[in-house]
Amino acid sequence: MDTESWKEAAAREAAKLVRDGMVVGLGSGTTVAKLIEALSELKPNAVYLAASSTSERLAKERGLELTSFKNHDRLDLTIDGADEVDPNFDMIKGHGGAHTREKIIAGAARKVAIIIDKTKLVRRLGQRFPVPVEVLPFAKDYAIKKLAALGNPRLKTENNEPIITDNGNYLIEVWCSRITNAAKLEQKINSLPGVVDNGIFAGLADVLYVGCESGCVVLRDKKSFLNFLKKNEPRR
């Protein structure tokens, strides 16, 4: 399984969406890093708004022109990765802790393209990844107790210390046994006091660029998603 080359194929194909004069949101993660590399080679005359400090740093290093919401309140396009995508194009994202900013640039964009390798496609959200929840440090213990009603929450740490997001907050990961209504769960988690935002992205993706053995396949609707998944699921 060569997932790195699949990511590369998806990123390079999606990079062709960027045209001169566009304002483009850049998400975060390993596939977006490959996108930034591709854009630095194509050199479209566009400006970019990065969702994370990591993406911002890499974009600067590769010579991409950066902007901010001070200069643009609407983006032509946002390109981002995902941890899981279901047939409704609902997603789980944000295990690097950048999902709050990623959701902002997705919501501000006229079009959202998601770049993934085929292993990220699932029939139901929560099969392989927990839902990341960004919380205020003050609300950590309260949020963990409340989130226990929805699944199995744990504070995400590194070297026994809480991981700090770019916004200065903590990250709680919640394993949910069954996500049947992504939009409802997204709203329910966000209604808890102390929660900044969570990594369920319901109804935001417009098109999927999926890297696989044959290169990159573009999925635009549920039917094409299910057909692709059926052909690529391991045989039992």
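Only a predicted model underlies this, so the values are computations on that prediction, with no experimental measurement involved.

About the criteria used
Residues numbered from 1 in each chain as written. Predicted model: local features only at pLDDT ≥ 70, side-chain atom pairs only at ≥ 80, totals over all residues. Heavy atoms only, no water. Helix = DSSP H or I, 4+ residues; strand = E, 2+ residues; numbered from the N terminus. Rg over C-alpha atoms; globule rule 2.2 N^0.38 Å. Buried < 20%, exposed > 50% of the residue type's maximum accessible area, 1.4 Å probe, protein only. Contact = heavy atoms within 4.5 Å. Areas by Shrake-Rupley, 256 points an atom, 1.4 Å probe, with all protein chains shown as cover. Lys, Arg positive; Asp, Glu negative; His and termini not counted. Charge placed at Lys NZ, Arg CZ, Asp CG, Glu CD. Expected span 1.5 Å × (residues − 1). Salt bridge = Lys/Arg side-chain N within 4 Å of Asp/Glu carboxyl O. Polar contact = N/O pair within 3.5 Å; in protein donor to acceptor, adjacent residues only side chain to side chain. Axes fitted to C-alpha atoms, helices over the stretch in contact; angles between N-to-C directions. Parallel < 35°, antiparallel > 145°, perpendicular 65-115°, else oblique. Left-handed = near helix turned anticlockwise from the far one by under 90°. Nonpolar A, V, L, I, M, F, W, Y, C, P; charged D, E, K, R; others polar. Pairing = 2+ DSSP bridges.

S.K.: For this particular structure, what's the right way to read the overall build of the protein?
M.R.: When its secondary structure is counted, the protein shows seven helices and 16 strands. By the compact-globule yardstick of 18 Å for 236 residues, the protein fits well, its C-alpha radius of gyration being 17 Å. Expressed along its principal axes, the backbone C-alpha trace of the protein runs to roughly 50 × 50 × 35 Å. Expressed as a percentage of its 236 residues, the buried residues of the protein come to 52%. Of the contacts formed within the protein by residues at least 6 apart in sequence, a portion of 74% connects residues at least 24 apart. When the accessible area of the protein is evaluated, it comes to approximately 11700 Å², of which 47% is carbon and sulfur surface. Seen as two clouds, the 36 positive and the 31 negative side-chain charges of the protein have centres 6 Å apart.

S.K.: Please clarify how helix α2 (residues 30–42) should be interpreted in this entry.
M.R.: Each α-helix turn comprises 3.6 residues. Residues three or four places apart therefore point the same way. Between the first and last C-alpha of α2 there are 19 Å, a value that for 13 residues agrees with the 18 Å anticipated at 1.5 Å per step. Turning to α2, its buried residues number three or more, namely Thr31, Val32, Lys34, Leu35, Ile36, Ala38, Leu39 and Ser40. Summarising the contacts, the buried residues of α2 are in contact with α1 (3–15), β1 (23–26), β2 (47–50), α3 (53–61), β4 (77–80) and β7 (112–117). Lysine 43 sits one or two positions beyond α2 and adopts a positive phi of about 55°.

S.K.: What exactly am I supposed to notice about the side chain of aspartate 90 here?
M.R.: Position of aspartate 90 relative to the elements: it lies in the loop between β5 (84–85) and β6 (91–92). Here aspartate 90 sits buried without a salt bridge, and the closest side chain of opposite charge, lysine 222, lies 9.1 Å off (N-O distance). Polar side-chain contacts of aspartate 90 include one of 3.0 Å to the backbone nitrogen of glycine 203.

S.K.: Please clarify how the packing of α2 against α3 should be interpreted in this entry.
M.R.: In a packed pair of helices, the relevant descriptors are the angle between the two axes and the axis-to-axis distance. For the pair α2 and α3, interaxial distance at closest approach is 10 Å and the crossing angle is 20°. In terms of orientation, α2 lies roughly parallel with respect to α3. Here α2 runs over α3; the crossing is right-handed. Contacts from Val32, Ala33, Ile36 and Glu37 of α2 reach α3 at Ser55, Leu58 and Ala59. Across the contact of α2 with α3, the residue classes tally to five nonpolar, one polar and one charged.

S.K.: What's the story with the pairing of β7 in this structure? I'm lost.
M.R.: The two faces of the sheet receive side chains in turn, since in a regular strand these alternate between them. Most of β7 sits inside the fold, with six of its six residues counted as buried. Side chains Val112, Ile114 and Ile116 project from β7 onto one buried face, and the interleaved Ala113, Ile115 and Asp117 project onto a second face that is buried too. Pairing between β7 and strand β15 (residues 207–212): five bridges, direction parallel. When the sheet's bridge partners are listed, aspartate 117 is paired in β15 with glycine 211.

S.K.: Could you clarify how one ought to interpret the sheet that holds strand β12 (residues 170–175) in this entry?
M.R.: For sheets, the rule is that strands pair by backbone hydrogen bonds, running either parallel or antiparallel. One open sheet accounts for four strands, arranged β9-β12-β8-β13; its pairing is antiparallel. The open sheet has two free edges, formed respectively by β9 (152–155) and β13 (195–198), since each of these has just one partner strand. Averaged over all pairs of adjacent strands, the angle between strand axes in this sheet comes to 25°, irrespective of strand direction. Of the strand pairs in this sheet, strand β8 (residues 131–135) and β12 are connected by five bridges, and their pairing is antiparallel. By the bridge assignment, valine 133 is partnered in β12 with isoleucine 172. Sitting on the sheet, helix α6 (residues 182–190) is in contact with β8 and β13, with an inclination near 165° to β13.

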